Amino acid sequence: MAKRQLHREDYSVGWVCALPIELAAARLMLDEEHRHLGQDPNDTNLYTLGRIGEHNVVIACLPAGQTGTNSAAVVAMQMRSAFPLIRFGLMVGIGGGVPSDEADIRLGDVVVSQPHKGHGGVVQYDFGKATPSGFERTGFLNMPPTILLNGIAKIRSNEFIGSSSLSEYLSKLGDAPAFKRDNAGPDVLYETSYKHAGGPTCGSCGKEMAVGRQPRRNQEAVVHYGTIASGSQVMRDGATRDKVSSEFGGVLCFEMEAAGLMNSFPCLVIRGICDYADSHKDKNWQPYAAGTAAAYTKEVLSVVPALGVSRIPTIDETINGRTGKRS
Ligand SMILES: [Zn+2]
C-alpha cells in the first residue's frame with residue numbers, strides 16, 4: 001500500500017533521538033510511516049514521519065557524530081519551526097544508569113524524567129560558575145509537560161495492576177537481531193571505586209570486584225522515575241557518578257542531550273540504560289536499551305489521547321506565552 005502524505009499541521013508530537021540505533025528503534029514503533037513533505041532549504045534535519053496509535057509523530061535524529069546538548073537544541077529548534085503545531089517533545093535514547101540502594105537499576109531498564117526532591121526531572125549538573133567557595137550551579141530546567149506527567153501516572157497505575165504494555169511493544173522490535181537482549185551479554189556492575197583494568201572488554205577486570213546482585217526472576221525491563229542528570233561530557237567514573245547523584249538527592253541516569261531541550265522544547269526524557277556511567281562502560285547493551293526506551297515511549301503515547309493533546313498549547317505558544325488564555 002502506498003504511504004499516505006499528511007500536512008505539516010497534522011503533526012503534534014516531536015520525537016528526538018541522538019543515535020542511528022535509537023532512530024531505528026523509533027521507526028520500529030511506528031504503526032504507519034508517512035510520505036516525506038517538502039523541506040525548507042535552511043532546515044538541515046531529516047524527518048521520519050508516521051503514526052503511533054492516535055498520534056502523528058515527527059522523528060528526527062541528531063547528525064551522525066554530533067551528539068550533545070547544543071546539537072539537540074538545534075535539531076529541536078528546526079523541528080519546531082518546520083512543524084509549528086507540535087505540542088510536546090520526547091527525547092528518547094540510551095543513558096548511563098546510577099544503581100543505588102534506592103533504585104535497583106539493571107541494564108535494559110528504562111529511566112523516565114519526573115520531578116523529584118525539588119528538581120524538575122532533568123538537572124544540568126555541569127552548568128554554573130566557579131566561585132571562591134566552589135562550583136555553584138545556576139539555571140533551572142523546566143518540568144516535562146503536564147499531559148505527559150499525567151500519562152506517567154496512568155502507566156504507573158497500569159504497572160501496579162499488571163496491565164503494562166511494555167513487553168507487547170518490545171515485541172515490535174521483532175526479529176531484528178540488533179535488538180535482541182541475548183546479544184547484549186552479561187550485566188555486571190562493579191564496585192564504585194573499582195576502575196576498569198583496560199582493554200575493549202571487562203575480561204581483565206576482577207570478578208571479585210563485581211557487586212553481588214540477585215538476578216531478576218524474569219528478564220523484563222523495569223521502569224524507574226526520577227531525576228536525570230544531563231551534561232556536556234560523558235560520565236565514565238563511578239565515584240563522580242555517585243557524588244553528583246548524592247548532590248541532587250539521587251540521580252537515576254546520566255545523558256548528554258536533555259539539558260539543551262527542556263526550556264525550549266518541553267519534553268519527557270526517556271532513557272534505556274546501556275551502562276553504569278563508569279569506566280567499564282561499553283556499547284554492548286546500546287541496541288537493546290534503545291529498544292526498551294522506544295517501547296516505553298510508545299506506551300506513553302498509547303495512554304495520552306490525541307484529543308487531549310490537541311487542546312494544549314503548541315510548543316511555540318508555551319515558550320512565547322501565547323496560550324490564548326486571558327487573565
Ligand atoms: Zn571493566
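Conventions we followed
Residues numbered from 1 in each chain as written. Predicted model: local features only at pLDDT ≥ 70, side-chain atom pairs only at ≥ 80, totals over all residues. Helix = DSSP H or I, 4+ residues; strand = E, 2+ residues; numbered from the N terminus. Buried ≥ 20, exposed ≤ 12 C-beta atoms within 10 Å, placed from the backbone. Contact = placed C-beta atoms within 7 Å. Pairing = 2+ DSSP bridges. Axes fitted to C-alpha atoms, helices over the stretch in contact; angles between N-to-C directions. Parallel < 35°, antiparallel > 145°, perpendicular 65-115°, else oblique. Left-handed = near helix turned anticlockwise from the far one by under 90°. Nonpolar A, V, L, I, M, F, W, Y, C, P; charged D, E, K, R; others polar. Expected span 1.5 Å × (residues − 1). Arc of directions from axis to C-beta.

Asker: When you look at the overall build of the chain in this model, what are you seeing that I'm missing?
Answerer: If you tally the helices and strands in the chain, you get eight helices and 13 strands. C-alpha extents for the chain along the principal axes are approximately 60 × 55 × 45 Å. With 327 residues in all, the chain has 43% of them scored as buried. The long-range fraction of contacts in the chain, counting pairs at least 24 apart against all pairs at least 6 apart in sequence, stands at 77%.

Asker: I tried to follow the pairing of strand β13 (residues 267-275) on my own but got confused; where do I start?
Answerer: On a regular strand, one side chain projects to one face of the sheet and the next to the other, so that they alternate. For β13, the tally of buried residues reaches nine of nine residues, placing the bulk of the element in the interior. Across eight bridges, strand β5 (residues 88-97) lies against β13 in parallel orientation. Along β13, the bridge assignment pairs Gly93 with Arg271. Of the strand pairs in this sheet, strand β6 (residues 110-113) and β13 are connected by three bridges, and their pairing is antiparallel. Bridge pairing in β13 links Val112 to Ile270.

Asker: Which parts of the structure should I look at to understand the packing of helix α3 (residues 146-160) against helix α6 (residues 286-303)?
Answerer: Between α3 and α6, the least distance of the axes is 9 Å, while the angle of their chain directions is 100 degrees. Here α3 lies roughly perpendicular to α6, going by the angle between them. Contacts between α3 and α6 involve Leu148, Gly151, Lys154 and Ile155 from the former and Glu299, Val300 and Val303 from the latter.

Asker: Would you take a moment to explain the packing of helix α1 (residues 20-28) against α6 for this structure?
Answerer: Each pair of packed helices can be described by the angle between their axes along with the distance between the axes. Two numbers describe how α1 lies on α6: the axes approach to 9 Å, and their chain directions differ by 40 degrees. Relative to α6, α1 is oriented oblique. The chirality of how α1 crosses α6 is right-handed. Residues Ile21, Glu22, Ala25, Ala26 and Leu28 of α1 pack against Gln286, Pro287, Ala290, Gly291 and Ala294 of α6. Each residue belonging to the contact of α1 with α6 can be placed in one class, and the counts come to seven nonpolar, two polar and one charged.

Asker: Can you walk me through the environment of Gly291 in this structure?
Answerer: Topologically, Gly291 is positioned in helix α6. It is 8.5 Å that separates the C-alpha atoms of Gly291 and Gly108, two residues lying 183 residues apart in sequence.

Asker: What's the story with the environment of Gly174 in this structure? I'm lost.
Answerer: Mapped onto the elements of the fold, Gly174 is located in the loop between α4 (166-170) and β10 (223-226). On the basis of neighbour count, Gly174 is assigned to the exposed category, with 10 C-beta atoms found within 10 Å. C-alpha separation for the pair Gly174 and Leu28, spaced 146 residues apart in sequence, amounts to 8.6 Å.

Asker: Sorry, what's going on with the pairing of strand β8 (residues 128-131) here?
Answerer: When β8 meets strand β9 (residues 134-137), the two strands line up antiparallel, connected through four bridges. Bridge pairing in β9 places Thr131 opposite Gly134. Taking the residues between adjacent antiparallel strands as the criterion, β8 and β9 are bridged by two residues.

Asker: Is there a simple way to think about α3 in this case?
Answerer: Given 3.6 residues per turn, any residue in an α-helix points the same way as the ones three and four places further on. Over its 15 residues, α3 runs 21 Å from end to end, which matches the ideal 21 Å to within 8%, given 1.5 Å per residue. For α3, the set of buried residues is Leu148, Gly151, Ile152 and Ile155. Angular distribution of buried residues about the axis of α3 spans 105 degrees; they occupy a single face of the element. Exposed residues lying more than 90 degrees from the buried face of α3 are Thr146, Ser157 and Phe160. Buried residues along α3 sit in contact with β5, β6, β10, β13 and α6.

Asker: Help me understand helix α5 (residues 238-247) in this model?
Answerer: Buried within α5 are the following residues: Gly238, Arg241, Val244 and Ser245. Burial along α5 is one-sided: seen end-on, the buried residues are contained in an arc of 135 degrees. Exposed residues pointing more than 90 degrees away from the buried face of α5 are listed as Ala239, Lys243 and Ser246. The secondary structure elements touched by the buried residues of α5 are β11 (228-230) and β12 (253-255). Two residues or fewer past α5, Gly249 is found with a positive phi of approximately 70 degrees.

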